[in-house]
Amino acid sequence: MKRGISYDDSIRMMRDIVSTMASEFGDSLTISTVGLGNRNDEFRPLKEIAEAATAAGAKGSFERCERTAHSITSAISSLVTSTTETRLALQDGRHRGYTQRSDLVSEKEAIVKTQWKFYRIIEHFVYDPRMKRLWISPLLPLAVTHSSEAAKRRHNPPFLAINSNYLGKGAERVAFRCRLADSQSRSHFVFDDMVAKETKDVERFEEKRDFHEGFAQSQDFANYLAMQFNNHLKCIPSYSALETPQLRFVGCSVLMLEDPNFRNDVRYVLVEKMLDADRFRWTKWNDNNGMVDGKKKHMPIDVDFELRQLQKEEATNLGAIEEGDECSDDDSISDVETSSSGDEVGGYQTSTEINPSEYLQAFTHFTYRFTNKRVMVCDLQGRRMVYGRTDKGQTGMNAFFKTHKCTKICKYLELSAKNKKWQRDWRQDCAQGMNFNR
């Protein structure tokens, strides 16, 4: 710390430096901080550095490390992982030099939490998998079509009110709270809160509707895979039409709005239902860095191996992990399952009690097998998959299989790479026109 600079000012300076770096490199940069000490130590500067990195678009994390061999080993592994991820991301060219918007203020930081602005709705689009494009729809946005109030309405609300302060940010988009309205007044709000999403990068506003089309397509496709998974669940021994979890992804619409602050007075936002986090506990089940059930399982990292994998991917232009099996001498990560703990009979665990998480982890594994290793749906938080800048391709799939332990559901569905039945019977051409057997 420089002489004459207060403790708070020094923290602020570090936050500013980290924010500048994060804004420059975006989600290609991973900043991890580790606090070595006792449980009652606050580590405020390290926490704020990680928070600043995340707020500015990078991936920030803080880990508390106690003075034990196991804790120190885990912390070192975490740092190696973040260093490797950043190195691979930058070498892979994922950084596009986008400029993050400077007008973003979060609801948490704002003095006035909600400042509604009203926009007239010009057009409503939904994704049509048969046409493979966004299509004009005369109906209400998909976020409200299942509402009891929707069935009673004779006309669509002409306005969308969007809160000026954002609700959350991801790698590519920023989300705002929004409401449909019959007029430009809060007293005329109709239906429940929704979420409006748009790019957080200045340059990508020029993509207009095209920016949202890819997300709408991926969400529709993820829902198709969820339906296939639900159908396959009917074969498990403990299946119950009333009790077995059913997966689905929330539907989304794209609204064209009248906004004089945008080029041609037109603004596009993707809207979807806001999940009720107060009623239902929000859980991040996994991500494309190998995290499972909210915890990152740190695996020993071989940097040379990771770089060989990256070079192999660039040389062969692979879109998916090369799956090793019992006949292969390839040193890439295999999806031959690692058994989870528990007694097993004939390859299946004897307990019929299944944790909801097991369905989600098995779903990610299922998407990889069902699409013939071309797609993996992960980063499960109720939605999101591997398309866009968050798509890590082979690297992300490797990360999943490094930490994935096949659950009872994986075993019931015979998702192992050793199961050649998939090649004969289970895969089929996707309704969206993608041939997974090629």
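The rules we used
Residues numbered from 1 in each chain as written. Predicted model: local features only at pLDDT ≥ 70, side-chain atom pairs only at ≥ 80, totals over all residues. Heavy atoms only, no water. Buried < 20%, exposed > 50% of the residue type's maximum accessible area, 1.4 Å probe, protein only. Helix = DSSP H or I, 4+ residues; strand = E, 2+ residues; numbered from the N terminus. Pairing = 2+ DSSP bridges. Right-handed = clockwise from strand over helix to strand, strands pointing away. Core = buried A, V, L, I, M, F, W, Y, C linked by side-chain atoms within 4.5 Å. Axes fitted to C-alpha atoms, helices over the stretch in contact; angles between N-to-C directions. Parallel < 35°, antiparallel > 145°, perpendicular 65-115°, else oblique. Contact = heavy atoms within 4.5 Å. Nonpolar A, V, L, I, M, F, W, Y, C, P; charged D, E, K, R; others polar. Expected span 1.5 Å × (residues − 1). Arc of directions from axis to C-beta. Phe/Tyr/Trp six-rings, centres within 6.5 Å; stacked < 30°, edge-to-face > 60°. Salt bridge = Lys/Arg side-chain N within 4 Å of Asp/Glu carboxyl O.

(A) Structural context of the pairing of strand β1 (residues 30-36). For β1, the tally of buried residues reaches five of seven residues, placing the bulk of the element in the interior. Sheet analysis places β1 next to strand β2 (residues 59-65), joined by seven bridges and oriented parallel. Residue pairing for β2: Ser-32 is matched across the bridge by Ser-61. Read from β1 through helix α2 (residues 44-55) to β2, the crossover connection turns out right-handed.

(B) A look at the nonpolar core. Leu-225, Phe-229, Ile-236, Phe-363, Ile-409 and Leu-413 are the most contacted members of the largest nonpolar core, which has 24 residues in total. Going through the elements one at a time, α5 (209-232), α7 (356-370) and α9 (408-412) are the ones with two or more residues in this core. Ranked by size, the runner-up nonpolar core spans 22 residues in total, among them Leu-140, Val-174, Leu-180 and Phe-191.

(C) Expanded view of the packing of α5 against α7. Two elements in contact, α5 and α7, have axes separated by 10 Å at closest approach and are oriented at 105°. When the interaxial angle is binned, α5 and α7 end up roughly perpendicular. For the pair α5 and α7, the contacting residues are Ala-222, Tyr-224, Leu-225, Ala-226, Gln-228, Phe-229 and His-232 in the first and Tyr-359, Ala-362, Phe-363, Phe-366, Thr-367 and Phe-370 in the second. The residue makeup of the contact of α5 with α7, split by class, is 10 nonpolar, three polar and no charged.

(D) Molecular detail of helix α1 (residues 7-25). With 19 residues, α1 extends 28 Å between its outermost C-alpha atoms, agreeing within 8% with the 27 Å of an ideal straight helix rising 1.5 Å per residue. Among the residues making up α1, those that are buried are Ser-10, Ile-11, Val-18 and Ala-22. Along the axis of α1, the buried residues cluster in a sector spanning 110°; they form a single face. Those residues of α1 that are exposed and aimed more than 90 degrees away from the buried face are Ile-17 and Thr-20. Residues of α1 that are buried make contact with β1 and α2. Of the residues trailing α1, Gly-26 is marked for its positive phi of about 60°.

(E) Spotlight on the packing of aromatic side chains. Following the criterion strictly, the structure yields 11 aromatic pairs and no others. Centroid distance Phe-366 to Phe-370: 5.3 Å. Interplanar angle 20°. Geometry classified as stacked. Of the two residues, Phe-366 and Phe-370 are both situated in helix α7; the distance of four residues between them amounts to about one turn of the helix. The exposure classification of Phe-366 matches that of Phe-370, with both residues buried. Centre to centre, the rings of Tyr-368 and Phe-401 are 5.0 Å apart; their planes meet at 65°, and the pair counts as edge-to-face. Of this pair, Tyr-368 sits in helix α7 while Phe-401 sits in helix α8 (residues 393-403), and the two are 33 residues apart along the sequence. Accessibility expressed as a relative area gives 8% for Phe-401, which makes it buried.

(F) Molecular detail of α2. The end-to-end C-alpha distance of α2, which contains 12 residues, comes to 16 Å, matching closely the 16 Å that a straight helix rising 1.5 Å per residue would cover. Every buried residue belonging to α2 is among Pro-45, Glu-48, Ile-49, Ala-50, Ala-52 and Ala-53, and all of these are buried. Where α2 is buried, its residues meet α1, β1 and β2. Looking one or two residues past α2, Gly-57 carries a phi angle of roughly 110°, positive in sign.

(G) Representation of the pattern of salt bridges within the structure. One pass over the full model with this rule turns up 17 salt bridges. Put simply, Asp-9 and Arg-12 hold a salt bridge, and the shortest N to O gap is 2.5 Å. Residue Asp-9 and its partner Arg-12 are both found in helix α1; the two are separated by three residues, about one turn of the helix. Classification of Asp-9 as partly exposed rests on a relative accessible area of 34%. Given a relative accessible area of 46%, Arg-12 falls into the partly exposed group. A salt bridge links Glu-48 to Arg-15; the shortest N-O distance between them is 3.7 Å. Here Glu-48 is found in helix α2, whereas its partner Arg-15 is found in helix α1, with 33 residues between them in sequence. A relative accessible area of 18% means that Glu-48 is categorised as buried. Residue classification places Arg-15 among the partly exposed positions, given a relative accessible area of 27%.

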